[in-house]
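Each chain is listed here by its residues.
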Amino acid sequence: MPQIHYLPDDRAIEIDDDDIILEASLRAGIPHTHACGGSARCSTCRVLIVEGLEFCSPRNSAEDDLANKLRLDPEIRLACQTQVAGGKVILRRLAIDSEDLETFNDEIAGNLISAPVGQEKKIAILFADIRGFTAFAESLLPYDVIYILNRYFQKMGYAINRNGGMINNYMGDGFMALFGLENSEKAAEQAVRAGVEMLEELDKLNPYFETLYHHRLRIGIGIHCGLAVVGNLGEKKNQTVTAIGDAVNFASRIEAANKQVGTTLLISAETYDEVKDLAIVNQCVSVKIPGKSGEYPLYEVVGMPPLPVEIEETSEVDKSSFLQGFVKKLMSLLAAARNWIRKIFGS
């Protein structure tokens, strides 16, 4: 006989095959919110299927319409439309009190974007920080501090967005960026490419800062690829996607390790395993990480080859521009390789 185990109630009930979840809840006296009366016109009866999704009926058209509107993950189901047959289902009621109910009503009214339930995902996390910025900022007017940071963040954001990432958290003159939120397959490569391009963007930006402020910015970048809990955090009308977990803390520690070993861009061994056929690595260093025992191998990345470009039918002028750009990228790659060889074998 099918069974439903409810969280956070920690109650289990037996049901008949093809019973609708909401009807089973109400029969058992479980306080299951259903503001529209169970007609799929609200989402207050929604549940998270923790285990046993395979025993739940597919979404019908009414549930599918609402799920598409609210961008609900497959594990989020409407209890008023979902039947259970053939096994045990563990679920969590998501509307527990009046604040939950208010949030769900705001989503239906279009006042909020549906916030994803926290999910554990494999992603790449990049941390970046400007070296010695606090001391430098003390000599500047407040306007100039904000101006420099905004100009810097804008250029770094370009590099990150071009490579499929997003900056999700600013911390003074530092920030955290996430890659692979939608598809983790190339998250590590995207993050490392972004890190290399960030350094290229900074090289272009520094002459401008040097002219205005007689100062060049130096940054440290740390990248780690691993499992993290991803979800929306914050006050309900001002939420942002973020990631939490050991992988995030490790990425932050890797960024800080640049100071110990005098490098600029370090990646973890897990990240290196995914980009070792592409990344141009100068050295591997063993570093003690605060809060962890033992030493960890970190790899200094000094370059990445350009992405392949699909050539479409273009005019002669466009072809010429493409070839010029390709040659420029190739020369940059050769220059990076020469620098790498000089560092290892001497000039």
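For the structure itself, look to the data block above.
Residues numbered from 1 in each chain as written. Predicted model: local features only at pLDDT ≥ 70, side-chain atom pairs only at ≥ 80, totals over all residues. Heavy atoms only, no water.

Within the protein chain one finds nine helices and 15 strands. Evaluated residue by residue, the protein chain yields a buried proportion of 43% over its 347 residues. In the form shown here, the protein chain has an accessible surface area of approximately 18,700 Å², with 51% of it arising from carbon and sulfur atoms. (Helix = DSSP H or I, 4+ residues; strand = E, 2+ residues; numbered from the N terminus. Buried < 20%, exposed > 50% of the residue type's maximum accessible area, 1.4 Å probe, protein only. Areas by Shrake-Rupley, 256 points an atom, 1.4 Å probe, with all protein chains shown as cover.)

With that settled, the discussion passes to the packing of aromatic side chains. For the coordinates displayed, the defined rule picks out 10 aromatic pairs. On the basis of an interplanar angle of 75° and a centroid distance of 6.0 Å, the ring pair of Phe 153 and Phe 175 is categorised as edge-to-face. Of the two residues, Phe 153 is situated in helix 5 (residues 142-162) and Phe 175 in strand 10 (residues 174-179); the sequence distance between them amounts to 22 residues. Look at Phe 153 and you get buried, because its relative accessible area is 12%. Taken together, the ring pairs connect Tyr 152, Phe 153, Tyr 170 and Phe 175 into an aromatic cluster. Above the face of the Tyr 208 ring, Arg 151 is positioned so that its terminal group lies 4.4 Å from the ring centre. Its guanidinium or amino end placed over the ring of Phe 250, Lys 292 lies 5.5 Å from that ring's centre, counting from NZ or CZ. (Phe/Tyr/Trp six-rings, centres within 6.5 Å; stacked < 30°, edge-to-face > 60°. Lys NZ or Arg CZ within 6 Å of the ring centre and 35° of its normal.)

A few words on the pairing of strand 11 (residues 219-233). Most of strand 11 sits out of view: 12 of its 15 residues are buried. For strand 8 (residues 119-130) and strand 11, the ladder comprises 12 bridges, and the chain directions are antiparallel. Across the sheet, residue Asp 129 finds its bridge partner in strand 11, namely Gly 220. Note: strand 11 against strand 12 (residues 240-244), five bridges, orientation antiparallel. In the sheet register, Val 229 faces strand 12, and the bridge partner there is Ile 244. (Pairing = 2+ DSSP bridges.)

Time to look at the pattern of salt bridges. According to the stated counting rule, one finds 12 salt bridges in the structure shown. The salt bridge partner of Glu 197 is Arg 162, with a shortest N-O separation of 3.1 Å. Taken as a pair, Glu 197 in helix 6 (residues 187-213) and Arg 162 in helix 5 lie far apart in primary sequence, 35 residues in all. Each of Arg 59, Glu 63 and Arg 77 takes part in one network of salt bridges that share partners. (Salt bridge = Lys/Arg side-chain N within 4 Å of Asp/Glu carboxyl O.)

This part takes up the sheet that holds strand 1 (residues 3-7). For sheets, the rule is that strands pair by backbone hydrogen bonds, running either parallel or antiparallel. As summarised here, the arrangement of the five strands in space is 2-1-7-4-5, forming an open sheet in which the pairing is mixed. Looking at which strands have only one partner, the edges of the open sheet turn out to be strand 2 (11-14) and strand 5 (76-78). Strand-to-strand twist across the sheet, computed as the mean angle between neighbouring axes with direction ignored, equals 35°. In this structure, strand 1 lies alongside strand 7 (residues 88-93), joined through five bridges in parallel fashion. Looking at strand 7, one finds that Tyr 6 is bridged to Leu 91. (Axes fitted to C-alpha atoms, helices over the stretch in contact; angles between N-to-C directions.)

On inspection of all chains with the given rule, the structure shows zero disulfides. Between Cys 36, a free cysteine, and Cys 42, which holds the nearest cysteine sulfur, the sulfur-to-sulfur gap is 3.6 Å. Among the residues examined, Cys 36 registers a relative accessible area of 26% and is labelled partly exposed. With a relative accessible area of 7%, Cys 42 lands in the buried category. (Disulfide = S-S within 2.5 Å.)

Looking along the chain, the bond that leaves Leu 7 and enters Pro 8 is cis, with omega of 5°. Here the phi dihedral of Asp 10 falls at roughly 55°; this positive angle occurs in a residue that is not glycine. Tracing the backbone through its elements, the reader meets Asp 10 in the loop between strand 1 and strand 2.

This next bit is on the environment of Arg 77. Topologically, Arg 77 is positioned in strand 5. A C-alpha to C-alpha distance of 5.4 Å links Arg 77 and Val 47, two positions 30 residues apart in sequence. Among residues more than four places away in sequence, those in contact with Arg 77 are Cys 45, Arg 46, Val 47, Ile 49, Leu 53, Cys 56, Ser 57, Pro 58, Arg 59, Glu 63 and Thr 82. In this structure the side chain of Arg 77 is engaged in a polar contact, spanning 2.7 Å, whose partner is the side chain of Glu 63. (Contact = heavy atoms within 4.5 Å. Polar contact = N/O pair within 3.5 Å; in protein donor to acceptor, adjacent residues only side chain to side chain.)

A few words now on the nonpolar core. Leu 126, Phe 133, Tyr 152, Phe 175, Phe 179, Met 198 and Leu 217 are the most contacted members of the largest nonpolar core, which totals 45 residues. Once residues lying within four places of it in the same chain are set aside, the contact partners of Leu 217 are Ile 130, Phe 133, Phe 136, Ile 148, Tyr 152, Leu 202, Asn 206 and Phe 209. Counting 26 residues, the second largest nonpolar core, distinct from the first, contains Ile 4, Ala 40, Val 47 and Leu 48. (Core = buried A, V, L, I, M, F, W, Y, C linked by side-chain atoms within 4.5 Å.)

Given a rise of 1.5 Å per residue, 16 residues ought to cover 22 Å, and the 22 Å separating the end C-alpha atoms of helix 7 (residues 246-261) matches this to within 8%. Along helix 7, the residues that are buried comprise Ala 247, Val 248, Phe 250, Ala 251, Ile 254, Glu 255, Ala 257 and Asn 258. Looking one or two places after helix 7, you find Gly 262, whose phi comes out positive at around 70°. (Expected span 1.5 Å × (residues − 1).)

What follows covers the pairing of strand 1. Two strands pair when backbone bridges link them, and strand 1 and strand 2 are joined in this way by four bridges, in the antiparallel orientation. Within strand 2, the position partnered with Tyr 6 by the bridge is Arg 11.

Counted at 1.5 Å a residue, the expected span for helix 6 with its 27 residues is 39 Å, and the 36 Å between its end C-alpha atoms agrees. Along helix 6, the sharpest change in direction is near 35° and occurs at Leu 205; proline Pro 207 comes one to four residues later. (Bend = angle between axes of the 7 residues up to and from the residue.)

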